[in-house]
Structure formats: C-alpha cells, structure tokens
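One letter stands for each residue in the lines below.
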Amino acid sequence: MTDPVGKLPSQLDQLPDRDPEETAEWAASVDAVSEHAGTHRAEYLLRRTLQHAEDAGLALPRLLETDYVNTIPTSAEPAIEGDEELERKITAWNRWNAAAMVTRGSKHGVGGHIATFASAAWLYETGFNHFFRGKEQDGSGDQLYIQGHASPGIYARAFLDGRLSEQQLDHFRQEAGGNGLPSYPHPRRLPWLWEFPTVSMGLGPLSAIYQARFNRYLTNRGIKDVSSSHVWAFLGDGEMDEPESTAALALASREGLDNLTFVINCNLQRLDGPVRANFKIVQELEAQFRGAGWNVVKSLWGNAWDELFQLDTNGALVRRIREVPDAQIQTYQTRDAAYIREHFFAGDPALVQLGKSLSDDKIIECFQLSRGGHEPRKVYAAYKAALAHKGAPTVILAQTVKGFTLGEGFASKNANHQMKKLTVDEFKNMRDLLELPIKDSDFVDGQVPYGHPGADSPEVRYLQERRAALGGPAPARRTQPLPALPEAAAKTFAAFDKGSGSQSVATTMAFVRLAKDLMRDKTSGKRWVPIVPDEARTFGMESLFPALGIYSPKGQTYEPVDRDQLMYYREAKDGQILNEGITEAGSMADFIAAASSYATHGETMIPFYIFYSMFGWQRTADQMWQLGDQLGKGFLIGATAGRTTLTGEGLQHADGHSPMIAATNPAALTYDPAFAYEVAAIVKDGLRRMYGEAAPGEDSNVFYYLTVYNEPMPQPAKPEGVDEGIVKGLYRFNTSESAGLSVASDAPRTQLMSSGTAIHWALKAQRLLSEEWGVAADVWSATSWTELRRDALESDAALLRGEERTPYVRQALEGVTSPVLAVTDYMRQVPDQIAQWVEQDYTSLGADGFGLSDTRDAARRHFGVDAESIVVAALAQLARRGEVSAAAVKEAREKYGL
C-alpha cells in the first residue's frame, strides 16, 4: 500500500497506522494552510499544536529551537515586588563605581574589565534584590558562581552596602600590601566574600552542576537538608565554547536538578570579537540545552519591541531577526537609523513597509537600547520562571549589549574587553545618562570620584532591607568553627604496622582497606565521600558497593545482573559512593563540592577521589588549582601510579610526572608512600591536620595527593620511631647491617634513597651490592620529595630573616659521609627537587621520557631504574670518589647485561 503521507521513507513507516486516511487529512490541512495563508501561518499552527500537546503531557519530542523572541510575553510578566525606582538608582551607583574603580586603577597599570558588568548589571542586581538567599538563615543560602570579569560590579555593590571602603576599592588588583581586592572571585584571597573561583572559564558551569548535585546528595543522605539552596551560575556566551561548560548538561537534566539555574549573558561578544559572527549563539545554545533536557527561558528583547512584533502579521520580522547573524546585530548597535532601515528592513516587501512606518527614534530605541537583559522586569520574570520550573534545571539566555551605558566608545566594540578606562567626558556622559548627583567639581585633577548616596540614604537602607529579608549579604563565604572530627580508633591505623607477612599487597589495596575501615567509624564514617570516575573494580573497591551503596537520586529501579553475588552492584538514594562514570572532570567537580562543604554548608565532609594517576593531574590539574583556590580539603589518590608498574598499558597510562605537576600547587601535600604503614601514617596525619587539631602555623586548608601502586608486594612491619620522618618526607628504612647483610666494617658505603614502589628495587640493589660487590648500602624511604623541598625553602627564607634553621633533609642525613643515590618510578626532576640541600654527593635515577608497553622488568631495565641499574649507578658514584675501581663498574655492566 502506498504511504499517503510521506514521499520519502520515514521511521514512522515501521509503525502501524490504524487510520491512514485521517493521517492524510492532517497532512492535507498543513498543505492547505501553507498554500492559502503562507508558510509562516502553517509553522505557527504546528508550533501551537506541539506546545498544546506538551502542556497536555503528551510524550512528544520537543523542538530544539524556538523563534528569536522572548519565552515570556510582556503580558505574562509578574510585577516586581519592590521599589523599581530605588533599584534603578542602586544599579546606577554600582555601574558608576565599578567603572570608576577600574579606571582609577588603570594609572597603576594593573588592568581590569568594565564592559562585562556593564552588560550584566541587571542580571546581578535583580537577583541580589529579590532572589539570592544569604547564609544567615540556614547557614547555606544559595550558591552564586559569579562571572569572573564582572567582579568590579560585585565590589561596587559591597562598597554601597558598607562591606568595602574606598581604600579597598583603590587597591583593586593590588594585593601585596594585604588590603587589596583580587582581580577575580578568589576565596583564598578574599575568603569572607568569595565562595567560588570562576575566572578559569568552563570550570564555573561544570562546578555549579556538581554543586547542585552534591546539595541533593547531602539531603538524600541525611547529612543536612539543603533542599532550599539554589545554585546560580552566571556565565558568558563566549565561555560556553569551553568543553567543560557543557560537559555535564545531561547529568543535570538526568538527575532533575531543578535547584540549578544557568544565567548566560548573551552579549554576543567573546574577549576579542563576536561569539558567532556568522551564526546565532542564542539559537545554538537553546538547541544544545533543550536537547540535553533543560528548561530554556530566552529574554532577548525589551518592551520597545512589543509594538514591532504586533505589527508583524505575516512573520517577516521574526524571520528576519532569526536570519541576521550576531556580528550584524552588533553592527546595528553602532550605526544610525538610516543604516538599520536600509540593511535590516529590506528584501521582503512587508518588512520594507514596516521599516518605513517606524521613526528613527523608535529604530534606535529597539536596536540599541531595548534588550531583555537590560530590563529588570524581563530579568525578574525569567528568574521567577526558573524557580517555578520543576523536574529539570533552567538556563536563562539573556541578550545584552557589552559595554552598555558606557558610551559610544565602548558599546559593542570588539576591543571593549581590553579597554580599561573612560575619559572624564565619557564619565560625565555616563553620569547624565544614569542621572547621578555627581558634580563637575567632584572630578579633582582629572580623577573620577567614587559615588555614594550616604549610609543612611533610601538606596542603602532599601538594599540592606532586601538583603536582610533574603538572609543576609551575598555573595558571602562563612566559616563557622566546626568541632574537630573525633579521631578514628588507633587500631584502625595500627593494623598496618605489623606488615603483611608473606602475603603480597599493593598499596592501592592498602589504602582501600584503610578507607573501608575508617568509613565504618560510627561517628565520622558517614562523613567520607568516596569518589571514583570508573573502574572501581580496578582499584578493589567493589566490596564497597553493597555495603555503602552507589548514590542515585532514583535509587535502584532495576534488578542488577549480579544480584546473587556477594559484591553486587547496589544503587541507593542514600548511597555514599559517587561513581561518576568515565569523567575525571566530573569527579573532580564532585570532590571540590565535598571538599569545601565545611564552608558552603557548615558540614565537614571527607572526600577521597581515586583515579588512574596518569589521568589526574595532567588532565584535570586546572580543577586541582580550583580546589586549592576554594580552600578545599580531602585526599586525592593517584592509583596505578608510576611509569613502569602498569604492565602492558603503554605510554598513555604510564605516569612518570604527576608528583612533579602536583608539586607546583602550594595547597597540595604530595606523598609517594612505599609501604602500607606509610599510607596509614600519612592518612592519619592528614585527618588530624585537615579535620582535627592543626599544629600552630599549619594551614588546615590543604589537600593531600597520595600515589599508590597496583604492584602486589610483601608489606614489611613498621620500624620504630619513623612516624615523624614519614610525615616530613624522609627516614632511614634500614641499614645493610639491620637488613642482615654481611659486609666488612671498612666496606665502601652508599645511601639508596627511594620512594614508592622503587624502594623494592633499592632493597634488591642493597642485597646485590653487599653479596656481589662488597658494598654496604643503607635504604631510605623518601615519602615526599615535595615536602622536603618546601621545608628547605622555608628554612632558606628563615635564614634571610636572621633565624637559624636547618632543613629537615639535612637533619635526617646528618653524620652521613657516603654518597646518596635517589631513585623513583618518575622522572628525575621529582627527586632532584631536593638536590641543592643535600650536602652529600647526590645523583638520581628516574623514568624519563615516554612510557611504553612491556613487562615491569623490561620497562624498568629500559629506563635504567631496576635493581641492577641501581647497582651500576651506585658503583659508578663510588668509583668517581675512588672508593671502588672503575673496572668494577665495567664488570657490573657486563655482568647484568646493561
């Protein structure tokens, strides 16, 4: 039978049509409307029908794009519950002071950005006046991810509110003296104001999604009910190019995060030009977000456009708006009415006629002044709609003009991101436009004054009353003294002191066992947040699945395939494990939310994130800086670490550098433990420092990075008196004599200093040196090359202050006269961090270069770090000192086939 509907094959052809004639009638109706009333009318009717079907709850796919018009009609906008005139004045003062602060700072050459806040002022001010909840009611409030380049406007508001002084504004981007303001949102630099560092673009939107998700996690697990907290992320349309910006959109909709709103400032400009010069970024973003399941609210045009749309009876105006590329819209902002009439109102006769009916003033008002993001009622309506929508997150696409109110020299200019100041005349024009009571005589020696209506003015009183009603100042970071978490039972850590006997255990397994025991603690166990991107079974964590449960807001709606097994896959609404799938970026965003929960929600959480070490610091190091900036705490665990331990996996999996990258981060305490008891000692001290009683002078706002290995090895018993050395980074594990090796009393001696799995090669080399070459060797465990270096740097700084202080590495090696040979499974730069402070003859071995696929033994021989290579290097070092013959070095090379 011939299909009466479609001329081309359709996926609907494979489904039965119980009434083909009715189907044909519907198609004929569409054809008839198109023919007699025009395609615009047919499109309108079909969209109306689809919208009606969606409202009726019919399960139809949604359109990915709508017309280039506002989602909320003017007639449906709710009235603003407040004093709109006072709010206009408040916003005017903030616009002025933001521009003044950056301009005044420009004489010092420190830069700053004016145009971004100028475009987004009403997006922030409407939220501060009516929506953003402070922390003084429940300790959590809303979480605000402020667009980094808009920071001057936030400082200006804090100045109006009395939270900042003129002196502080005049130290914008001048922090060295201790009284300045950071250029962008930065909790570590201004911890009472900023909660989230956002200027590394793309990380703000990603983190906002996982923060909203973590809020649900806290609530569902019964830690704290934060269901009233809303996450607001303020983003730029150019920022959405970053892959991280859209990486987790599906997660947000999949988990129904209606506690999340993205506000994207669509001023159509990147840092150096149009976002989509030949296209339309708003339409692209709408399709992307709607396709991912988000609720989309477009606020594009101001009230002045209402008249034009009412005159558009055949859809010519709407079609034209949709086809004009963004760069041309930007050009209209800078040209006169004649240009706009000639280039926009052209082509379609109905459009030409519409243009003729409009005055020049009307055209200028619409195309240069009337944007949805610049009209508080439009913004208010969009925010109301976002909070009212349930079951999915909302994105608000607000169209603005970059540099709005700053004058013709700024508005929509490609270079306005780099423009740091206004002239006095430009400020006077801005003053007149904003109707501010600032006199010409206030400009002293050509310097723009700050403006303030007075601490008891109607504007300031209104601002403070609105913030009091919403729960206090915002943005604000509040840290209240939290009780130290009770120490876990000593036996939990002591269990690793006796070693594993003849059983071989990898340090990865040792950490997982320790974490499992700590999570059983009746008081602090629930505070742990285990995070894994995928391959939990690779790390031996599958035993945690049935015991702790994998977090899912839906619980488990299916019967798992391994339900009859002991370690089955169990999801639960109150599950403790965050099993993210294959996303290191998402896992780090999880970690950051948990790591800073002590400040965000006043709830101490202990996250640990375990991952392939190769896919941590090199892939998501930017987020690890974000973690440090946000003063986050917790344990990062780089598992399957080292360049040669992951047999057969090859270059992409061979980590020879993560401790070096981690060493660049001042907030990261980096450890490369060799034995299970070292893992336990480091974790114990980390819990004390971050969550217990930090020692005087210790910064508790740090995080730990531990590298652990998948190579099963016998775990030795813990020697006496090594705890301090484990934490500080170095201790002597044994001597040739204590290892039971027979050496002459006058035998040449060397010091083998190693970290992580390399200590096992050093121990074998120690035996070979004794038994085959008559050389005594002491073996040292360097648990942290980085902490040794930092201690030495602090000692050097103390000496410059006139204080006497000896680096710990020198203290540990005091009295040692023999040479030191350092070896790791990482590049030589890792142990070479301490070279300048080792007074003994010092050299190193490491796995430099690209990784490769092979067995562990073959890879170690390739890099020259196996036991035999260590022996030859030690003999060569002694030969240079004249303590063994050069012939012995040649003999050893030949003996071992090197």
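Remember, it's a predicted structure, so these values are computed and weren't measured experimentally. (Residues numbered from 1 in each chain as written. Predicted model: local features only at pLDDT ≥ 70, side-chain atom pairs only at ≥ 80, totals over all residues. Heavy atoms only, no water.)

Participant: How do you make sense of the overall build of the protein chain when you look at a structure like this?
Facilitator: Along its length, the protein chain carries 34 helices and 20 strands. Overall, the protein chain is about 105 × 90 × 50 Å in size when its C-alpha atoms are taken along their principal axes. Buried residues in the protein chain amount to 57% of all 898 residues. Taking all contacts inside the protein chain whose residues are at least 6 apart in sequence as the whole, residues at least 24 apart take part in 77%. Of the accessible surface of the protein chain, which amounts to about 36800 Å², a share of 50% is contributed by carbon and sulfur atoms. (Helix = DSSP H or I, 4+ residues; strand = E, 2+ residues; numbered from the N terminus. Buried < 20%, exposed > 50% of the residue type's maximum accessible area, 1.4 Å probe, protein only. Contact = heavy atoms within 4.5 Å. Areas by Shrake-Rupley, 256 points an atom, 1.4 Å probe, with all protein chains shown as cover.)

Participant: Mind showing me how you'd approach the pattern of salt bridges here?
Facilitator: Once their charged atoms are close, side chains differing in charge can pair, the charge on each being opposite to the other. Per the stated rule, a full pass over the model turns up 58 salt bridges. In this structure, Asp-723 and Lys-718 form a salt bridge, with 2.6 Å as the shortest nitrogen-oxygen distance. Asp-723 gets classed as partly exposed once you look at its relative accessible area, which sits at 38%. With its nearest N and O atoms 3.5 Å apart, the salt bridge here joins Arg-767 to Glu-771. With Arg-767 and Glu-771 both in helix α29 (residues 758–773) and 4 residues apart, this pair spans about one turn of that helix. A cluster of three or more residues bridged by salt bridges with shared partners is formed by Arg-47, Glu-65, Asp-67 and Arg-322. (Salt bridge = Lys/Arg side-chain N within 4 Å of Asp/Glu carboxyl O.)

Participant: Teacher, can you tell me more about the UniProt feature "domain: Pyruvate dehydrogenase E1 component middle" (unreviewed entry) in the protein chain here?
Facilitator: UniProt feature "domain: Pyruvate dehydrogenase E1 component middle" (unreviewed entry): in the numbering of this structure it lies at residues 485–713. The span residues 485–713 is 32% helical and 16% strand by assignment, and the distance between its end C-alpha atoms comes to 33 Å. (UniProt positions renumbered as here; feature names shortened; annotations may be inferred.)

Participant: Whenever I open this one, helix α12 (residues 316–323) confuses me. Can you help?
Facilitator: Residues that lie three or four places apart on an α-helix share one face, since the helix turns once every 3.6 residues. For α12, the set of buried residues is Ala-316, Leu-317, Val-318, Arg-320 and Ile-321. Close packing links the buried residues of α12 with α11 (305–311), α13 (326–332), α14 (337–343) and α15 (349–357).

Participant: What is the right way to read the environment of Gly-451 from this model?
Facilitator: When you line up the elements, Gly-451 lands in the loop between α18 (424–434) and α19 (458–469). For the pair Gly-451 and Ala-654, spaced 203 residues apart in sequence, the C-alpha separation works out to 58 Å.

Participant: What exactly am I supposed to notice about the sheet that holds strand β1 (residues 143–145) here?
Facilitator: Hydrogen bonds along the backbone pair up the strands of a sheet, which may run parallel or antiparallel. Spatially, the 5 strands line up as an open sheet ordered β1-β2-β3-β5-β4, and their pairing is parallel. Among the strands making up the open sheet, the edge pair consists of β1 and β4 (295–299). For this sheet the average axis-to-axis angle between neighbouring strands, irrespective of direction, equals 15°. Across 5 bridges, β4 lies against strand β5 (residues 394–399) in parallel orientation. Each residue of the ladder has a partner; that of Ser-299, found in β5, is Ala-398. (Pairing = 2+ DSSP bridges. Axes fitted to C-alpha atoms, helices over the stretch in contact; angles between N-to-C directions.)

Participant: Help me understand the UniProt feature "domain: Transketolase-like C-terminal" (unreviewed entry) in the protein chain, please; the structure alone is not making it clear to me.
Facilitator: Following the UniProt record, the feature "domain: Transketolase-like C-terminal" (unreviewed entry) maps to residues 744–866 here. Secondary structure across residues 744–866 divides into 37% helix and 16% strand, with the first and last C-alpha atoms of the span separated by 25 Å.

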